[in-house]
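These are the residues of each chain, in order.
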Amino acid sequence: LFQGAILSKGRTFESVRKASETLEYSSIKDILELSKILIERNYICYFLFWDKEIKFFKNDKYFKALDQTKIISIPKIDFPRGKLKSNKNQKNKLLHYFAMNYGISHLVSNNLANEEDIIIRTRTDITFDQIELDKIIETNIRGLLKGKMLCQYWRRQNTRWFIDFIFASNTNIMFNLYNKLYLNSLNNKDYAYSVHQDII
């Protein structure tokens, strides 16, 4: 599952020196290239994209090159009371949890995934070593099938910086995790600063 914004705001390793310097970029070309490689390696790729971004990118040549039957449109969600109205970090967490909860529910209810399938979740704006992913999944497949969760991350050459985490588990574990994270976030019952801290 590729989940997240297509149009992403972030920083480069160089720009972190200036706290206010951010950049905006489209990750759709990278998503297309990475998913092609994964499909060649017998993965099934689904894309959890926000409805408004699907409409914005519908004529983009890289977007049109994706398998449109594998795109799951995530509807807009309104923010309720409390910290979700004023805390950007909490809003982003809620969006992540909602999208994953919605996406996995869609896969299960449409018989596109069952309890024994392994779901791997990655952000839309990162890339990773696909051969290394194969090795990690192969090494951990028995544990994943039994209900363990894989939490893998890749580092840049500078060991102080990691690219991001990639999560994997069977469908049942992944859905239960994100369903609980979403409900906790929605009801102001989560206290960790980041998505990674919540999941860990």
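Position numbers for residues count from 1 along each chain, tracking the sequence in the order it is written. The predicted nature of this model means local features are confined to residues of pLDDT at least 70 and side-chain atom pairs, given and counted, to a pLDDT of 80 or more, with totals for whole chains, interfaces and linings taken over all residues. With hydrogens and water set aside, each side-chain value is computed from the structure's full complement of heavy atoms.

1. What to know about the pattern of salt bridges
- Salt bridges are identified by distance alone: a Lys or Arg side-chain nitrogen within 4 Å of an Asp or Glu carboxyl oxygen. The final tally for this structure, using the stated rule, is 4 salt bridges.
- A salt bridge links Arg41 to Asp134; the nearest nitrogen and oxygen atoms lie 2.5 Å apart. Residue Arg41 is located in the loop between helix H1 (28-40) and strand S4 (47-50), and its partner Asp134 is located in helix H6 (residues 130-146); the two are separated by 93 residues in the primary sequence.
- The salt bridge involving Asp51 is made with Lys55; its shortest N-O contact spans 3.1 Å. In this pair, Asp51 and Lys55 are both assigned in helix H2 (residues 51-57), 4 residues apart and thus about one turn of the helix distant.
- Each residue is assigned to one of three classes by its accessible area relative to the maximum for its type, calculated with a 1.4 Å probe on protein chains only: buried under 20%, partly exposed between the two thresholds, exposed over 50%. Given the relative accessible area of 27%, Asp51 is considered partly exposed. Helix and strand assignments come from DSSP, with helices taken as H or I runs of at least 4 residues and strands as E runs of at least 2, each series counted from the N terminus.

2. Let's talk about the side chain of Lys93
- Here Lys93 is to be found in helix H5 (residues 88-109).
- Note on Lys93: relative accessible area 1%, which makes it buried.
- The contact criterion used is simple: two residues touch if any of their non-hydrogen atoms lie within 4.5 Å. Each residue touching Lys93, except ones within four places of it in the same chain, is listed here: Asp190, Ala192, Tyr193, Ser194, Val195 and Asp198.

3. Things to note about the packing of aromatic side chains
- Stacked, tilted and edge-to-face are the three classes applied to pairs of Phe, Tyr and Trp rings, where Trp contributes its six-membered ring and a pair requires centres within 6.5 Å; stacked means planes under 30 degrees apart, edge-to-face means over 60, and tilted covers the rest. According to the stated counting rule, one finds 8 aromatic pairs in the structure shown.
- Ring centres of Phe49 and Phe63 lie 6.0 Å apart, and the angle between their planes is 40 degrees; on these two criteria the pair is classed as tilted. Here Phe49 is found in strand S4, whereas its partner Phe63 is found in helix H3 (residues 61-65), with 14 residues between them in sequence. Of the two residues examined, Phe49 and Phe63, each falls in the buried class.
- Measuring from ring centre to ring centre gives 6.3 Å for Trp50 and Phe98, while their planes differ by 20 degrees; the resulting arrangement is stacked.

4. Examining H1
- The span you would expect from a helix comes to 1.5 Å times its residue count less one. Along its 13 residues, H1 runs 18 Å from first to last C-alpha, staying within 8% of the 18 Å computed at 1.5 Å per residue.
- Phi turns positive one or two residues past the end of H1, at Asn42, with a value near 70 degrees.

5. Quick notes on the nonpolar core
- As used in this record, nonpolar core signifies buried Ala, Val, Leu, Ile, Met, Phe, Trp, Tyr and Cys residues forming a set joined through side-chain atoms within 4.5 Å. Membership of the largest hydrophobic core comes to 26 residues, with the highest contact counts inside it found for Ile28, Leu38, Phe47, Phe49, Phe63, Leu66 and Ile137.
- Counting residues per element, this core draws most heavily on H1, which supplies 5 residues.
- Apart from residues lying up to four places away in sequence, Phe47 is in contact with Phe2, Ile31, Ser35, Leu66, Lys70, Ile71 and Ile72.
- Among the nonpolar cores identified, the runner-up in size contains 24 residues, and Tyr46, Leu48, Tyr97 and Leu181 belong to it.

6. Some points on helix H7 (residues 171-186)
- Its 16 residues place the ends of H7 22 Å apart at the C-alpha level, agreeing with the 22 Å of an ideal helix rising 1.5 Å per residue.
- Of the positions making up H7, those classed as buried are Thr171, Met174, Tyr178, Leu181, Tyr182 and Ser185. End-on view of H7: buried residues confined to an arc of 115 degrees, all on one side of the axis.
- Here a polar contact is taken to be a pair of N or O atoms separated by no more than 3.5 Å, where protein atoms must pair a possible hydrogen donor with a possible acceptor and residues adjacent in sequence count only if both atoms sit in side chains. Its side-chain oxygen 3.1 Å from the backbone nitrogen of Asn172, Asn170 forms the N-cap of H7.
- With its phi angle positive at about 60 degrees, Asn188 sits one or two positions after the end of H7. As used here, the arc belongs to the directions running from the helix axis to the C-beta atoms.

7. Re the environment of Leu95
- Among the secondary structure elements, Leu95 is positioned in helix H5.
- A residue is classified by how much of its surface remains accessible, and Leu95, at 23% relative accessible area, is partly exposed.
- In sequence terms Leu95 and Ile74 are 21 residues apart; their C-alpha atoms lie 9.8 Å from each other.

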